[in-house]
Amino acid sequence: MGRFQDKTALVTGAAGGIGAAVVRMLRAEGARVAAADRDVSAVEAEAHLPGNLLEPAYADGLPAAAARALGRLDIVVNNAGVITRGKVTETSDEDWALTLGVNIEAPFRITRAAIPLMAAQGGGSIVNTASCWGLRPGPGHAVYCMSKAALASLTQCMGMDHAAQGIRINAVAPNEVNTPMLRTGFAKRGFDPDTAVAELGKTVPLGRIAEPEDIAEVILFLASDAARYVCGAVYEVNGAKAVA
Ligand SMILES: NC(=O)c1ccc[n+]([C@@H]2O[C@H](COP(=O)([O-])OP(=O)(O)OC[C@H]3O[C@@H](n4cnc5c(N)ncnc54)[C@H](O)[C@@H]3O)[C@@H](O)[C@H]2O)c1
């Protein structure tokens, strides 16, 4: 019997690098999963909830929609994210609104809606995807770093506030991960993604950057009963590489 037999989960960013790995690995261990992303047509899951997280009504309604589709809601993985680059002097109003909307406001809305549902059924687990780049300053990504710092702080505060309701809220903080987010960034700057990923791997003490599954493993651990005493924590998963 899988670790997540009889469990249900909502995963945002389900069509992206880390999200797709989380969906696949949760289902392989028995969970029934509701996949949320702008386009989920290529994602195998028990329920599909496509939409734009910048729309408040969509984000507010996701936990109830997942619970309706799956019968209950045990796990939420707030994983969708966008990366905006540049110093503040290079950051447009649109970048600001996009970054805060997807990286902070959507997890806030989804978590706020999920907590009463989970409390009513006796508990649950929520895992947010923050970033090492939110725990220490990184160059040239000021608003992205701030958004991930805010998500890490929100995780710690919510973990404390809702522990007594049987809801564990934690975050992972990866450094670089080999996903479309990272690879398209290289491509946009004119680098070959494979070469750039290999070069970047040399800067990591473990010898390579993370694959999506390396991060998903830790998300699954935090979502599982094995992490029953982990609450309000932000787990760095970085192969021992500090922020540049
Ligand atoms: N790749 C890295 O190096 C890295 C490092 C640290 C943290 N992270 C974080 O990991 C998480 C997953 O990122 P990834 O690397 O898998 O990137 P990704 O770009 O492959 O996946 C992100 C997903 O979020 C979805 N998304 C973005 N905006 C959305 C919106 N408005 N509405 C609905 N869905 C939306 C995208 O469609 C995409 O499928 C993000 O929160 C990211 O910030 C990534």
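Positions within a chain are numbered from 1, following the residues in the order the chain's sequence is written. Only residues with pLDDT of at least 70 get local features here, since the model is predicted, and only at 80 or more are side-chain atom pairs given and counted; chain-wide, interface and lining totals rely on the full set of residues.

1. Some words on the nonpolar core
- For this analysis, nonpolar core means a set of buried Ala, Val, Leu, Ile, Met, Phe, Trp, Tyr and Cys residues linked through C-beta atoms within 7 Å. Comment: burial labels come from other C-beta atoms within 10 Å of the residue's own C-beta, placed from the backbone, where a count of 20 or more is buried, 12 or fewer is exposed, and between is partly exposed. By size, the foremost hydrophobic cluster in this structure holds 65 residues, and its most contacted members are V11, A14, V23, A35 and I219.
- A run of DSSP states H or I qualifies as a helix once it reaches four residues; a run of E qualifies as a strand once it reaches two. Both are numbered from the N-terminal end. Of the residues forming this core, the biggest block, seven residues, is contributed by helix α3 (residues 93-120).
- Ignoring any residue separated from it by four or fewer positions in sequence, one finds V23 in contact with V11, A14, V33, A35, V43 and A45. Here, residue contact means that the backbone-derived C-beta atoms of the two residues sit within 7 Å.

2. Notes on the domain arrangement of the chain
- These domain limits were set by an automatic method or by a database of domain assignments. If you check the domain split of the chain, you get domain 1 (8-175 + 211-235) and domain 2 (177-209).
- Across the contact, eight residues belong to domain 1 and six residues belong to domain 2.
- Looking at the side of domain 1 that touches domain 2, the elements that each hand over two or more residues are α1 (17-28) and α7 (212-223).
- Throughout this entry, Asp, Glu, Lys and Arg are counted as charged residues, while Ala, Val, Leu, Ile, Met, Phe, Trp, Tyr, Cys and Pro are counted as nonpolar. The remaining residues, Gly among them, count as polar. When the residues that make up the side of domain 1 that touches domain 2 are grouped by side-chain class, the tally is five nonpolar, two polar and one charged.

3. Things to note about the sheet that holds strand β5 (residues 124-129)
- What the seven strands build is an open sheet, ordered β3-β2-β1-β4-β5-β6-β7; its pairing is parallel. Whereas interior strands pair on both sides, the edge strands pair on one side only; in this sheet they are β3 (47-48) and β7 (234-237).
- In this analysis, strands are considered paired if DSSP registers two or more bridges between them. Both strand β4 (residues 75-78) and β5 contribute to a ladder of four bridges, which runs parallel. When the bridges of β5 are listed, I75 appears paired with S125.
- Running at roughly 175° to β4, α3 makes contact with β1 (8-12), β4, β5 and β6 (167-174) of the sheet. Axes here refer to lines fitted to C-alpha atoms; in helices the fit is confined to the stretch in contact. Angles between the N-to-C directions go from 0 to 180 degrees.

4. Observations concerning the packing of helix α2 (residues 56-70) against α3
- Running from N to C, α2 and α3 cross one another at 35°; their axes reach a closest spacing of 8 Å. The interaxial crossing formed by α2 with α3 has right-handed handedness. Contacts from P56, A59, D60, L62, P63, A64 and A67 of α2 reach α3 at A106, R109, I110, A113, A114 and L117.
- Taken together, the residues of the contact of α2 with α3 break down into 11 nonpolar, no polar and two charged. The handedness criterion is simple: a crossing whose near helix is rotated anticlockwise from the far helix by less than a right angle is left-handed, and one whose near helix is rotated clockwise is right-handed.

5. Section: the site of the ligand
- By definition, a residue lies near a molecule or strand when the C-beta atom built from its backbone is within 6 Å of it. Among the 26 residues in the neighbourhood of the ligand, the closest are listed as G13, G16, G81, T179 and M181.
- Its residues assigned to classes, the shell around the ligand comprises 13 nonpolar, 10 polar and three charged.

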